[in-house]
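# Summary of the model geometry
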2 protein chains.
Amino acid sequence: MSGPSLQGLLLDLEGVLYQEDAAIPGAVEAVRALQARGLALRGLTNTTTRPRREIAARLAGLGIPLGAEALFTPPVAAARALHDRGLRRLHLAAAPALAEDFAGFELVDQAPEAVVLGDLYRDFTWERLNRLFGFLRGGAGLIALHKNRVSRRGAEIALDLGPFVAALEYASGREALVVGKPSPAFFELALADLGLEAAAVAMVGDDIEADIGGAQAAGLHAIQVETGKFTAADRDHPRVRPDLRLASIAALPALLA
Amino acid sequence: MSGPSLQGLLLDLEGVLYQEDAAIPGAVEAVRALQARGLALRGLTNTTTRPRREIAARLAGLGIPLGAEALFTPPVAAARALHDRGLRRLHLAAAPALAEDFAGFELVDQAPEAVVLGDLYRDFTWERLNRLFGFLRGGAGLIALHKNRVSRRGAEIALDLGPFVAALEYASGREALVVGKPSPAFFELALADLGLEAAAVAMVGDDIEADIGGAQAAGLHAIQVETGKFTAADRDHPRVRPDLRLASIAALPALLA
């Protein structure tokens, strides 16, 4: 990873720029310094329940200067993928608040060209799944906002979206386009959004597999910060080794200088 | 397929022995002749909604002399697989009427050693699936009564059991044992039930893929009858070619004489 060739950065949000309800020390200044250096930035998050405008508002409240247009979320990636494919009629089976991330599309309940699927939790009934399957049988493509197997819900490890994506893939005999880390498609769509090649971009993240492994699989450089989810065990990860490790994002601008 | 070495037959029921509400002409006499010749017979069906006692009663009503102990269904195969593995505590997530096919097992709603999964149709809710997933996380194995993608429900092609098996497989990261044609495990369990090797047994069926292809994949001989689901297009099937084709099961005894 050579500094001069680097033109863009993908920044994970939680654990890299902020933690719980506060910016990570030095993160605000780091983002400003990277912007001042002319690097193209995108905040890259797997959040699938809130539109990017809300995420930007939250970041602004923490003093982090990344506007909505600088955020790349699975819904934003899905919108880009649909646009690239010339598809305009979509059925949004996800948090209703995400509708604003699909401005310019026609949101329909009949004969969609694509289904955008998020975690419907207890709304994953047989009837709902069968209706979505009907859309796929009618020729609609399936875009999944992620494919996580399980998630913690209260005290319980419970089914996440992934098993329902798998069910619809099996029923239809066709694979979903999965957007969200660590899917290579997600990183590729983010690169297209930046208008940069993988070799000119580094991912900065705390999650050794989703951020670092995912970015490297898509050909990007990858920098792990020792904040957020980072643990000492990441140093001995059996498969993934970041190009660089930093105490926190605060150290990044000096390093790229 | 040489007559003298043949010691057992697996007979598909619908389309081979009966059609709608009547025995296929000559089927009753054929079954009697095959029994008189000392061949071991098993009626092999994918029915997963009724216990074998009920199926035997229906056959008896049509004059077909195959008792419950001569019927091999997915629930019966599941019971045999559980027995072979020394598992006794099972959770039955299937038609309640099937409980009698699991006599000798303990049917439980907590901490099962295995989950036997049938088509729950509209009872496939998030809560129900998540509960089954909890059993799998607790170490229970998953036995699926089949893995069909879709089925006709009234006027509609709709989700069958298979997509929900796929969902639980994806969530748990482990494959289900699928019993029911064309799964090789189903034919192998039927052979164990007969106490015969594959080379000594022929499957007689009307379905070119489930019966003929499935049996051959498990090493059995396979005879297609030109009744039931048979169509002329089966003669040009791109992958499957039966060892023998007969106008109907009525022709079988003379052929084996």
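These notes cover the structure that comes with them. (Residues numbered from 1 in each chain as written. Chains lettered and ligands numbered in written order. Predicted model: local features only at pLDDT ≥ 70, side-chain atom pairs only at ≥ 80, totals over all residues. Heavy atoms only, no water.)

## Focus: the nonpolar core
Counting residues in each nonpolar core, the largest one holds 46 residues, and the members touching the most others are Leu-117, Phe-124 and Leu-168 of chain A together with Leu-117, Phe-124 and Leu-168 of chain B. Setting aside chain neighbours within four positions, we find Phe-124 of chain B in contact with Phe-124, Thr-125 and Trp-126 of chain A together with Leu-117, Gly-118, Asp-119, Leu-129, Leu-161 and Phe-164 of chain B. (Core = buried A, V, L, I, M, F, W, Y, C linked by side-chain atoms within 4.5 Å. Buried < 20%, exposed > 50% of the residue type's maximum accessible area, 1.4 Å probe, protein only. Contact = heavy atoms within 4.5 Å.)

## Comments concerning the side chain of Lys-181 of chain B
Residue and element names in this part refer to chain B. For Lys-181, the position within the fold is in the loop between strand 12 (177-178) and helix 6 (184-194). Residue Lys-181 is classed as buried on the basis of its relative accessible area, which comes to 6%. From its side chain, Lys-181 meets the backbone oxygen of Leu-44 in a polar contact 3.1 Å long. Within the structure, Lys-181 has its side chain in polar contact with the side chain of Asp-211 (distance 2.9 Å). Ignoring any residue separated from it by four or fewer positions in sequence, one finds Lys-181 in contact with Asp-12, Leu-44, Thr-45, Asn-46, Phe-186, Phe-187, Met-203, Ala-210 and Asp-211. (Helix = DSSP H or I, 4+ residues; strand = E, 2+ residues; numbered from the N terminus. Polar contact = N/O pair within 3.5 Å; in protein donor to acceptor, adjacent residues only side chain to side chain.)

## Remarks on the sheet that holds strand 4 (residues 40-44) of chain A
Residues and elements named next belong to chain A. Sheet architecture is open: six strands sit in the order 5-4-1-13-14-15, paired in parallel fashion. Either end of the sheet is taken by a strand with one partner, and the two such strands are strand 5 (71-72) and strand 15 (244-246). Sheet topology places strand 13 (residues 201-205) next to strand 14 (residues 221-225); four bridges connect them, and they run parallel. Bridging from a neighbouring strand, Ala-202 pairs with His-221 of strand 14. Sitting on the sheet, helix 6 (residues 184-194) is in contact with strand 1 (8-12), strand 4, strand 5 and strand 13, with an inclination near 145 degrees to strand 4. (Pairing = 2+ DSSP bridges. Axes fitted to C-alpha atoms, helices over the stretch in contact; angles between N-to-C directions.)

## Observations regarding the relation of the copies chain B and chain A
Relative to chain A, chain B is turned by 180 degrees and slid 0.0 Å along the rotation axis, the superposed coordinates differing by an RMSD of 0.0 Å. The superposition of one copy onto the other is thereby described by a two-fold rotation axis. Mapped onto chain A, 100% of the interface residues of chain B again fall at the interface, so both copies present the same surface. (Least-squares fit on C-alpha atoms with pLDDT ≥ 70 in both.)

## Topic: the packing of helix 5 (residues 162-172) of chain A against helix 5 (residues 162-172) of chain B
Closest axis-to-axis distance for the helix 5 of chain A/helix 5 of chain B pair is 7 Å, and the angle between their directions is 140 degrees. Here helix 5 of chain A lies oblique to helix 5 of chain B, going by the angle between them. For the crossing formed where helix 5 of chain A meets helix 5 of chain B, the hand is right-handed. Facing helix 5 of chain A, whose interface residues are Gly-162, Pro-163, Ala-166, Ala-167, Tyr-170 and Ala-171 of chain A, helix 5 of chain B presents Gly-162, Pro-163, Ala-166, Ala-167, Tyr-170 and Ala-171 of chain B. Of the residues belonging to the contact of helix 5 of chain A with helix 5 of chain B, the class tally is ten nonpolar, two polar and no charged. (Parallel < 35°, antiparallel > 145°, perpendicular 65-115°, else oblique. Left-handed = near helix turned anticlockwise from the far one by under 90°. Nonpolar A, V, L, I, M, F, W, Y, C, P; charged D, E, K, R; others polar.)

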